[in-house]
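# Residue-level structure breakdown
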Amino acid sequence: MVRKAVIPVAGFGSRMLPASKSIPKEMLPIVDRPAIEYVVKEAVRAGIKEIILVSHSAKAAIEDYFDSQFELEQQLEAKGKHALLAEVRDILPEDVSVISVRQHQALGLGHAVACAAPVVGEAPFAVLLPDVLVDCNGQPEDLGAMVEKYHTSGVAQIMVEAVPAERVDQYGIVALQGEAPDPGESALMTRMVEKPPVQDAPSHLAVVGRYVLPGEIMEILAQTGPGAGNEIQLTDAIVTLMAQAPVAAYAMRGKTFDCGNKVGYLQAILHYASRHPQLGQKARELMAAELAESAAN
Ligand code: G1P
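A few points on the structure. (Residues numbered from 1 in each chain as written. Predicted model: local features only at pLDDT ≥ 70, side-chain atom pairs only at ≥ 80, totals over all residues. Heavy atoms only, no water.)

Attention now moves to the pairing of strand β6 (residues 125–128). Of the two faces of β6, the one carrying F125 and V127 and the one carrying A126 and L128 are both buried. Sheet analysis places strand β1 (residues 4–8) next to β6, joined by three bridges and oriented parallel. When the sheet's bridge partners are listed, V6 is paired in β6 with V127. (Buried < 20%, exposed > 50% of the residue type's maximum accessible area, 1.4 Å probe, protein only. Helix = DSSP H or I, 4+ residues; strand = E, 2+ residues; numbered from the N terminus. Pairing = 2+ DSSP bridges.)

Structure, rendered in structure tokens:
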């Protein structure tokens, strides 16, 4: 059963500077909670019970966020602020634990995932890249569907979406046995290549930051040398896995927001603000007023 998720959070976040200079980019708020909370909650809703953060000494604020804050809780209790207290306590369900391991050198995504090997052991696991937020807008969620497919088929699932030609060289790109699957479905992969130039790319289907992988990938990662960008690539390990076992591309239903860059981050704020259960109405009014005012000036 897939009960563990690896979330690599050691990266510096240089595309979000200066905001990410002294706090982790994963702690930047999307409306009223840090971006990482959306990702962790997505994993929890997919049935994950153990979150493994692959972290760095400059990123301790992330671990603290998922820990309890005794003094704060005591003060909220004493002041009778029960709603706020419930909110800070409900960040994580009690049966979910957060474990953190360190990535001592920035050697790439594959290396980051391999750092979690002592905690993952031989179990299958999910990987969630924290820059990417996925909103399924009330439909069944993609990561949950990928985990279910893994449970019924035992086949690794890699989430993909079609991207415009000019962005193909920023992603892992896959080739499939047949037609692209319908959203919410998977198809077996024949190839995967990290950040190809668009003219060499086997398709425009990009890997978007959610994976469900068998435990064997850890052994493969341990043997994987540097690839594209001179980094140890998860993509290269998946290619090796494909020679041993089938691997499927899962076509996502939801919408992605890349919070690792400023435009994607802004888009995520607008999206989640306008759909926020308490603040949404106000947010939409404020956005409309700002638009009207800037059009008038
Ligand atoms: C990583 C992966 C790439 C994937 C991308 C999704 O690249 O290596 O295959 O398409 O995440 O965001 P990075 O963006 O970390 O360079």
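Turning to the site of the ligand, a few remarks are in order. The environment of the ligand is formed by L109, L129, Y171, G172, E194, K195, V207, Y211, Q233 and T235. A distance of 2.7 Å separates an oxygen atom of the ligand from a polar atom in the side chain of E194. In the environment of the ligand, an oxygen atom lies 2.6 Å from a nitrogen or oxygen atom belonging to the backbone of V207. Under a 2 Å grid-point criterion requiring more than half of the atoms, the pocket assigned to the ligand is the largest pocket. (Near = heavy atom within 4 Å. Polar contact = N/O pair within 3.5 Å; in protein donor to acceptor, adjacent residues only side chain to side chain. 1 Å grid on protein atoms, 1.4 Å probe; cavity = no way out; pocket = protein on both sides within 12 Å on 5 of 7 lines; lining within 4 Å. Sits in = over half its atoms within 2 Å of the grid points.)

Scanning all chains against the criterion turns up 17 salt bridges. Measuring nitrogen to oxygen at the nearest pair gives 2.8 Å for the salt bridge that ties K195 to E194. Judged by its relative accessible area of 14%, E194 falls in the buried class. Here K282 and E285 are joined by a salt bridge, their closest N and O atoms 3.6 Å apart. Taken as a pair, K282 and E285 lie in helix α11 (residues 280–296) at a separation of three residues, close to a single helical turn. A residue is classified by how much of its surface remains accessible, and K282, at 49% relative accessible area, is partly exposed. (Salt bridge = Lys/Arg side-chain N within 4 Å of Asp/Glu carboxyl O.)

Let us now look at empty space enclosed by the protein. As enumerated under the stated definition, the model contains one cavity of 30 Å³ or more in all. Estimated volume of the largest cavity: approximately 50 Å³. (Points joined across faces, edges and corners; volume = space filled by probe spheres on them.)

Attention shifts here to the packing of helix α3 (residues 70–78) against helix α4 (residues 82–89). Following both chains from N to C, one finds α3 and α4 inclined at 155°, their axes separated by 8 Å at the closest point. When the interaxial angle is binned, α3 and α4 end up roughly antiparallel. Judged by the sense of rotation from one axis to the other, the crossing of α3 with α4 is left-handed. Residue-level inspection shows L72, E73, L76 and E77 of α3 in contact with α4, the latter providing H82, L84, L85, V88 and R89. Class assignment of the residues belonging to the contact of α3 with α4 gives a composition of five nonpolar, one polar and three charged. (Axes fitted to C-alpha atoms, helices over the stretch in contact; angles between N-to-C directions. Parallel < 35°, antiparallel > 145°, perpendicular 65-115°, else oblique. Left-handed = near helix turned anticlockwise from the far one by under 90°. Contact = heavy atoms within 4.5 Å. Nonpolar A, V, L, I, M, F, W, Y, C, P; charged D, E, K, R; others polar.)

What follows is about the layout of surface pockets. Estimates place the volume of the largest pocket at around 1,400 Å³. As for the largest pocket, its lining consists of 47 residues, of which R15, K25, L129, D131 and K195 are closest to the centre. Listing elements by their share of the lining of the largest pocket, those giving two or more residues are α5 (109–114), β11 (205–213), β13 (255–258) and α10 (262–274). Broken down by element, the residue count for the lining of the largest pocket peaks at four residues, all from β11. Across the lining of the largest pocket, the residue classes break down as 18 nonpolar, 19 polar and ten charged. In this structure, the second largest pocket spans a volume of roughly 540 Å³. Every residue lining the second largest pocket is counted, 20 residues in all, and those nearest its centre are R33, Y38, R45, Y272 and P277. Mapped by element, the contributors of at least two residues to the lining of the second largest pocket are α1 (35–45) and β7 (132–135).

A few words on the packing of aromatic side chains. According to the stated counting rule, one finds three aromatic pairs in the structure shown. An aromatic cluster is defined as three or more aromatic residues linked by ring pairs; in this entry it consists of Y38, F257 and Y272. (Phe/Tyr/Trp six-rings, centres within 6.5 Å; stacked < 30°, edge-to-face > 60°.)

Following the sequence through the fold, T235 ends up in helix α9 (residues 234–242). Sequence separation between T235 and I36 is 199 residues, and the spatial gap between their C-alpha atoms is 23 Å. Once residues lying within four places of it in the same chain are set aside, the contact partners of T235 are G172, M192, V193 and E194. Within the structure, the side chain of T235 is placed 2.5 Å from the side chain of E194, a separation counted as a polar contact.

On to the environment of F12, then. Along the chain, F12 turns up in the loop between β1 and β2 (29–30). Excluding residues within four positions of it along the chain, F12 makes contact with S20 and H56.

Structural measurements only, silent on function.
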